[in-house]
Amino acid sequence: MKTFLIAITALFALSITSCKKEIAPETPTTTNPTTTATSPSDLLKDSLYLYTKEIYLWQEVIPSYEVFKPKQYTGATDKDAATAEMNAIRALQPLDRFSFVTTKEESEGLQTGVAVDYGFFVKAAAADKVEPIDFVRWYVEYAFDKSSAGMAGVNRGWYINKINNSSLTYSQSSIDLLNKTFFGTGNSASFEFVKPDGSTAALNLSKTSFTSNSVLHKSVINTAGRKVGYLVFKQFFGAPSVTELNNVFSDFKAQGVNELIVDLRYNPGGSTATQDALANLIAPASANNKVMYKYIFNSNLQQGKFPLLQKKSGYGTTSFAEQNNTETFSNTGTLNLNQVFFIVGHGTASASELLINNLKPYLNVKLIGDTTYGKPVGFFPVDIFNYSIYPISFKTVNSAGNADYYHGFAPDKSAPDGVNKVWGDVTEPSLASALRYISTGAFRSTQSSEQQYQSQMRTQQELEPFNRELERNKFTGMFIEKH
């Protein structure tokens, strides 16, 4: 979404008393006279260094102020300069692909789901074809209900034929046009879409402010005498997402659902408190009161040695103490499940992976799709003037001690993303694979279908570089609400 114009990152934000937190800007205090700054830009850079040095998970890799020299980093704007500085810190730790800087407004938006954009996104796909160069189209992955696109009826399975009368092809020029359209300064554009039936829709769309819905689709599918709840969950926002999830599972329970498929293929993460809520809705009753996961911070945070951060409202010496960093399951067993299926992909990150990791010790967890992103670490925002910095500040460990899945989770069965199919279409490859397993205990019905899917997977992999070039401007991540 337009809200987060950063390279591939992941989110773990920390809110002390709610999922939206205001912290008054302040000038850091230090006994080192060389950190005295004379401009807001220098104060921002000094503050970024000092707070990051205090809370960074790998704080030992950050050199002294005199060696690091925060003021040396420059950019066209204060945000650009701060980003250059944060990138320099990231370069000190190869595992850190995530730390970033954004504005306070954008930081708060990721917690609430409030965005300003067209409200949909696309990816390059060849649908059911084998030769990508000949058949590539830019398909709509999803559209948010209350966005400009959602209100106009834009739907998954459509593809963009033209933007402002310029045809889209599988080319760098089309990538540039898409990036300019979705992430540039323009606030409106004309789109020509092609629907699955071959008809076209010419729409003038605008970037508007709206609240994103977390649940993109829910349905109950009957197969082999089982009632399968299918949920497409886009992002772990705060309290609104929990309300959506409670409503979905209440409906699933009322309809007698006894199997569950959770589609996380485009879910970049979000609130760990919302993750906790969803994990409790999925987990069996036997997990109740048992460890879900633990947070691990640097030793200084855990020992209460963070004098700068303590000046922020809501932080005390025991905020990160080890005895306060364990989350447990509660009120579990909503659907009485003994297995759960997750549809995943490269866009499945952070809180989504946390959910998978937390449930593995307690349920038979099956993954279908493609390898997940790989982010077992997280962060919380520190507000400085009009900006929020997100240095990686912790990692999570599940009850079995599994913590370091930096390369993501590989699927139990590979399946292509049938982006040309609407949500809930039982012929969509990933959903079809899960339903086939529920019905027969096997993901594929025939060897020919296996070969077809594998061919589509190879095509999908060939297209991945272009999709990642487009997605680099999107936000990926999760945040903690720590009470």
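Look above for the structure.
Reading the values: rules and limits
- Residues numbered from 1 in each chain as written.
- Predicted model: local features only at pLDDT ≥ 70, side-chain atom pairs only at ≥ 80, totals over all residues.
- Heavy atoms only, no water.
- Helix = DSSP H or I, 4+ residues; strand = E, 2+ residues; numbered from the N terminus.
- Buried < 20%, exposed > 50% of the residue type's maximum accessible area, 1.4 Å probe, protein only.
- Contact = heavy atoms within 4.5 Å.
- Pairing = 2+ DSSP bridges.
- Phe/Tyr/Trp six-rings, centres within 6.5 Å; stacked < 30°, edge-to-face > 60°.
- Salt bridge = Lys/Arg side-chain N within 4 Å of Asp/Glu carboxyl O.
- Expected span 1.5 Å × (residues − 1).
- Arc of directions from axis to C-beta.
- Axes fitted to C-alpha atoms, helices over the stretch in contact; angles between N-to-C directions.
- Parallel < 35°, antiparallel > 145°, perpendicular 65-115°, else oblique.
- Nonpolar A, V, L, I, M, F, W, Y, C, P; charged D, E, K, R; others polar.
- Bend = angle between axes of the 7 residues up to and from the residue.
- Right-handed = clockwise from strand over helix to strand, strands pointing away.

Chemist: Which residues make up the overall build of the chain, and what values go with them?
Modeler: The number of helices and strands found in the chain is 13 helices and 23 strands. Across the 483 residues that make up the chain, the buried fraction comes to 60%. Across the chain, every contact between residues at least 6 apart in sequence was considered, and the portion connecting residues at least 24 apart equals 76%.

Chemist: Got a sec to walk through the sheet that holds strand E22 (residues 413-414)? Specific residues and values, please.
Modeler: The strand order E11-E12-E13-E16-E17-E22 describes an open sheet built from six strands, whose pairing is mixed. Looking along the sheet, the strands with just one partner apiece sit at the ends: strand E11 (215-223) and E22. Sheet analysis places strand E17 (residues 364-369) next to E22, joined by two bridges and oriented parallel. Looking at E22, one finds that Ile368 is bridged to Lys413.

Chemist: Quick rundown of unusual backbone geometry? Include the residues and the values.
Modeler: Here the phi dihedral of Asn164 falls at roughly 50°; this positive angle occurs in a residue that is not glycine. Residue classification places Asn164 among the partly exposed residues on the basis of a relative accessible area of 42%. Phi angles above zero are rare outside glycine, and Asn165 is one such case at about 70°. Position of Asn165 relative to the elements: it lies in the loop between strand E6 (159-163) and strand E7 (166-167).

Chemist: Can you break down the packing of aromatic side chains residue by residue, with the values?
Modeler: Per the counting criterion, the structure on display carries 39 aromatic pairs. Taking 5.4 Å as the distance between ring centres and 65° as the angle between the ring planes, the aromatic pair formed by Tyr139 and Tyr159 counts as edge-to-face. Residue Tyr139 is found in strand E5 (residues 137-143), and its partner Tyr159 is found in strand E6; the two are separated by 20 residues along the sequence. Comparing Tyr139 with Tyr159 shows no difference in burial state: the two are buried. Note on Phe320 and Phe380: the rings are 5.4 Å apart at their centroids and 20° apart in plane angle, and the pair reads as stacked.

Chemist: Describe in detail the environment of Lys45, supporting the description with residues and values.
Modeler: Mapped onto the elements of the fold, Lys45 is located in helix H1 (residues 40-55). Sequence separation between Lys45 and Thr83 is 38 residues; the distance between their C-alpha atoms is 9.5 Å.

Chemist: A description of the pattern of salt bridges should follow, citing residues and the corresponding values.
Modeler: Tallied over the full model, the rule gives 14 salt bridges. The closest approach of N and O atoms between Asp417 and Lys123, which form a salt bridge, is 3.0 Å. Here Asp417, found in the loop between E22 and helix H12 (429-440), pairs with Lys123, found in strand E4 (residues 120-125); they are 294 residues apart in sequence, far enough to count as distant. Under the relative-accessibility criterion, Asp417 is labelled buried at 15%. Arg265 is the partner of Glu428 in a salt bridge, and the nearest nitrogen-oxygen pair spans 3.1 Å.

Chemist: Describe helix H8 (residues 239-254), listing the residues and the values that go with them.
Modeler: Relative to the 22 Å expected for 16 residues at 1.5 Å per residue, H8 spans 23 Å between its end C-alpha atoms, a close match to the ideal helical length. Every buried residue belonging to H8 is among Ser241, Leu245, Val248, Phe249 and Phe252, and all of these are buried. End-on, the buried residues of H8 take up no more than an arc of 90°, which puts them together on one face. Counted as exposed and oriented over 90 degrees from the buried face of H8: Asn247 and Ala254. Buried positions along H8 lie against E11, strand E12 (226-233), strand E13 (259-263) and helix H9 (272-282). Residue Gly256 follows H8 closely and has a positive phi angle near 75°.

Chemist: If you had to explain the pairing of strand E9 (residues 200-206) to someone new, which residues and values would you point to?
Modeler: Only one face of E9 is covered, namely the face carrying Ala201, Leu203 and Leu205; the face carrying Thr200, Ala202, Asn204 and Ser206 is uncovered. Where strand E8 (residues 188-194) lies against E9, seven bridges are found, and the strand directions are antiparallel. In the strand pairing of E9, Val194 is matched with Thr200. Where E8 folds back onto E9 in an antiparallel hairpin, the turn is made up of five residues, including Gly198, whose phi is positive at roughly 95°.

Chemist: Residue-level account of the sheet that holds strand E19 (residues 382-384), with values.
Modeler: Spatial ordering of the open sheet is given by E2-E20-E19, a layout of three strands whose pairing is antiparallel. This sheet does not close on itself; its edge strands, each paired only once, are strand E2 (100-103) and E19. Between one strand axis and the next, the sheet turns by 30° as a mean value, whatever way the strands run. Across four bridges, E2 lies against strand E20 (residues 387-390) in antiparallel orientation. Note on E20: the bridge partner recorded for Val101 is Ile389.

Chemist: For the packing of H8 against H9, give the residues involved together with the corresponding values.
Modeler: As a packed pair, H8 and H9 sit with axes 9 Å apart at the nearest point and diverge in direction by 10°. Our classification of the angle between H8 and H9 gives roughly parallel. Counting all contacts with H8, which are made through Ser241, Val242, Leu245, Asn246 and Phe249, the residues of H9 involved are Thr274, Ala277, Leu278, Leu281 and Ile282. Across the contact of H8 with H9, the residue classes tally to seven nonpolar, three polar and no charged.

Chemist: Quick one: what's the story with helix H13 (residues 447-471), residue by residue and with numbers?
Modeler: With 25 residues, H13 extends 34 Å between its outermost C-alpha atoms, agreeing within 8% with the 36 Å of an ideal straight helix rising 1.5 Å per residue. Of all the bends in H13, the greatest reaches close to 45° and is centred on Glu464; the proline Pro465 follows between one and four positions later.

Chemist: Outline the pairing of E17, listing residues and values.
Modeler: The side chains of a regular strand alternate between both faces of the sheet. Counting buried positions along E17 yields five of six residues, so the element is predominantly enclosed. Bridge count between strand E16 (residues 339-344) and E17: six bridges; the pairing is parallel. In the strand pairing of E17, Val340 is matched with Val365. A crossover connection joins E16 to the parallel E17 through helix H11 (residues 351-359); in handedness this β-α-β unit is right-handed.

Chemist: Which residues make up the environment of Glu462, and what values do they have?
Modeler: Along the polypeptide, Glu462 turns up in helix H13. For the pair Glu462 and Ala125, spaced 337 residues apart in the sequence, the C-alpha separation amounts to 9.7 Å.

Chemist: Please set out the environment of Ile438 residue by residue, giving values where relevant.
Modeler: With respect to the helices, strands and loops of the structure, Ile438 is situated in helix H12. Measuring from C-alpha to C-alpha, the distance between Ile438 and Leu260 comes to 9.7 Å, with 178 residues separating the pair along the chain. Ile438 has contacts with Thr223, Arg226, Val228, Glu259, Ile261 and Phe341, leaving out every residue within four places of it along the chain.

Geometric descriptors of this kind do not, in isolation, establish any biological role.
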